[in-house]
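Residue strings, one per chain:
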Amino acid sequence: MFGKVENNPTLTLVFTAAIFLIFGYATSLPKITDFMIFCIFVIGFDLLYGHMGQLSFGHMLYLGAGAYGCGMFAYHVYPDPFLSLLAGVLLGALVAAVLGPLVVKTSAAAFALLNLALNEVGAYLVLSPWHKWTGGEDGLSLFFKKYGFINFQQSTFRFYFCLGSLLLVVYLVLRLVRSPYGNLLKAIKENEVRVKFLGYNTYVYKYITFIISGAIAAFAGALTSINLSYTNTSLISPARNVEVIFAALMGGAGSVIGAVVGGTAFMTISNYLAVYLIRWEMFLGFALLVFVFWIRKGIWGYVRKV
Amino acid sequence: MTSFIQSVLFGLTIGGILYIISIGLSLTFGAMGIVNFAHGLIYAVGAYAVYTVATILGAGFVVGVLAALAVSVPLSYVIERFVIRRLYGQSIDYAIIATYAILLIGADSLKWIYGASPLPIIDPIGKLWTFGSLQMPAYRVVIIGLSVLIFFGLSLFFKKTLVGKIVVAGLQDREAVRSLGIRVEKHFAIVFIIGSALAALGGVLYAPLSTLNPYMGFEILVLCFAVVIVGGMGNLRGTAIAAYSLGLVHSLSAAYIASSASDAMVYTVMAAVLIFRPIEA
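Computed from a predicted model, the values in this text were never measured in an experiment. (Residues numbered from 1 in each chain as written. Chains lettered and ligands numbered in written order. Predicted model: local features only at pLDDT ≥ 70, side-chain atom pairs only at ≥ 80, totals over all residues.)

1. Quick word on the overall build of chain A
And step 1. For chain A, the helix and strand inventory stands at 15 helices and 2 strands.
And step 2. Here chain A has a C-alpha radius of gyration of 19 Å; the compact-globule value for 306 residues is 19 Å, and the two agree.
And step 3. Along the longest, intermediate and shortest principal axes, the C-alpha atoms of chain A span 50 × 45 × 40 Å.
And step 4. Across the 306 residues of chain A, 51% fall into the buried class.
And step 5. By sequence separation, contacts in chain A at least 24 residues apart represent 79% of the contacts at least 6 residues apart. (Helix = DSSP H or I, 4+ residues; strand = E, 2+ residues; numbered from the N terminus. Rg over C-alpha atoms; globule rule 2.2 N^0.38 Å. Buried ≥ 20, exposed ≤ 12 C-beta atoms within 10 Å, placed from the backbone. Contact = placed C-beta atoms within 7 Å.)

Structure (structure tokens):
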């Protein structure tokens, strides 16, 4: 039953929208807005990890690039929400495009660690040398212009805007993954050497995917800074990379719905369970071990077969 | 000039510590293809063990060092036996995630036991050597000497002993060694434990230069990964050269750019090295 949903993009979108609407009105809209933004981030991350087979341990860099691109544009240039969003996405894509040639050449362990190191460099640059523009440790508190009903101060509007954004990202990534291009990504994940023998320049495909993934993460970052109406260093902190990795693994890597399920499940745990768990990191560690050793397909990997 | 020489000596100290910690990482990667984040936990446990024995119990630094080794060996055996051995030959991502999980659990346990606030350890030698206007804590000189000793000791170990030779051969071609009827994995496990004990020693040596905190493992680990990537994974001499060079980068950029810039500069150098010398890993 659930497997059918995955093969039908329209059904996927309807299901996603319905679940978040129910969830949103049953709990609280601002909270579910956070959930949906995180899901966008997980989808972007999973494009690299699940679909292309490269684990990045520094994807917070691109979330941060989006958040700071959006925040700095709104703070220093012009507080238009849409232009700021665009600035955030463009900055994320630009960072990915600049670092891509360096990162994409590597793979496996070196890929993961190089991303982590670059994330550390980014976090340092934002915190210290560029603090005049980024606000350093205090961050930037933001204010956005409103046009009629387009009012980002209103939590209901933010909820629907983020829901729309999530559906858009889900739709676009589904299209991408189901296209011949997506098949090629899957082939690169399985065996890159053979894809090269078929005459494809795998480097170009990996590079483009890296930029797309960075841009989606940056979009999530820009949405975060609009949603919170501030930007600070926690949005680029290398220590938070484990969250998105865990979410992707928990939901089921290599599936767009899996990413949404994982993002939602992780946010549910961290929002509701973490209140009762004093030893949150220990819990996270044991849960990660359980998923790595016993539940590799993730939640969605089992549910889709029902 | 004096301050320059001082920075160079400080850089060699940091380089020596980075070298001592990185050997284990480099060998684990070269031999087993596993990126071991749990290495950072062993490092932190070593430092906390010496704090417990030397500062809380007041038994002296040398006893503390022995205690650190005594704790780290069984702990690393458990990690090797129950986590890492189950991940041989599988996708490297799972090993990264699983060992990171161990690091999280361990760091949280340390926070549980010792609290989150930074703890100081006093310099166990506490003497300053003075040459003209140059001042150098004797402890740092001891660290540099110790790291050089370890370098030569390990070189001998890998050239002269049977275990060392098997491991070097296994790094080259695991299947060929196994076809001679040698259980390579067992020898790798021995090397893993040696590497972990050295990580604990690194934690012990670094603690008096800095402070202890539960997340110290995360902080040093990324630097050590930079060392391993620059030096070549599984390459012992490369690891040593990379460790001392990056240690110098670290202390010189702290002295001449900004103290907070040092880590970022190390990663920048690493990225620059990668541009010119791509790695196949």
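2. What about the nonpolar core?
And step 1. Ranked by internal contacts, the top residues of the largest apolar core, which has 204 residues, are A:Ile40, A:Ile43, A:Ala218, B:Ala47, B:Val50 and B:Ala226.
And step 2. Apart from the residues lying within four places of it in its own chain, the contact partners of B:Val50 are B:Phe61, B:Gly64, B:Val65, B:Ala67, B:Ala68, B:Ile121, B:Val204 and B:Ala207. (Core = buried A, V, L, I, M, F, W, Y, C linked by C-beta atoms within 7 Å.)

3. As for unusual backbone geometry
Where the residue is not glycine, phi is negative for most of them; where a peptide bond is considered, it is trans in most cases.
And step 1. The phi angle at A:Ser229 is positive, at roughly 50 degrees, despite the residue not being glycine.
And step 2. Here A:Ser229 shows up in the loop between α11 (202-228) and β2 (230-231).

4. A few points about the packing of helix α1 (residues 2-32) of chain B against helix α8 (residues 184-206) of chain B
Residue and element names in this part refer to chain B.
And step 1. Across the interface, α1 lies against α8 with an axial gap of 7 Å and an inter-helix angle of 160 degrees. Relative to α8, the element α1 is oriented roughly antiparallel. In the packing of α1 onto α8, the handedness of the crossing is left-handed. Taken together, the residues of α8 that come into contact with α1 (itself represented by Ile-17, Ile-20, Ile-21, Ile-23, Gly-24, Leu-27, Thr-28, Ala-31 and Met-32) are Phe-188, Val-191, Phe-192, Gly-195, Ser-196, Leu-198, Ala-199, Leu-201, Gly-202, Leu-205 and Tyr-206.
And step 2. A class-by-class count of the residues in the contact of α1 with α8 yields 15 nonpolar, 5 polar and no charged. (Axes fitted to C-alpha atoms, helices over the stretch in contact; angles between N-to-C directions. Parallel < 35°, antiparallel > 145°, perpendicular 65-115°, else oblique. Left-handed = near helix turned anticlockwise from the far one by under 90°. Nonpolar A, V, L, I, M, F, W, Y, C, P; charged D, E, K, R; others polar.)

5. Quick notes on the confidence of the model for chain B
And step 1. Scored by pLDDT, chain B comes out at a mean of 88, with 99% of its residues at no less than 70.
And step 2. Per the prediction output, this complex has pTM 0.89; the corresponding ipTM is 0.85. (pLDDT = per-residue confidence, 0-100.)

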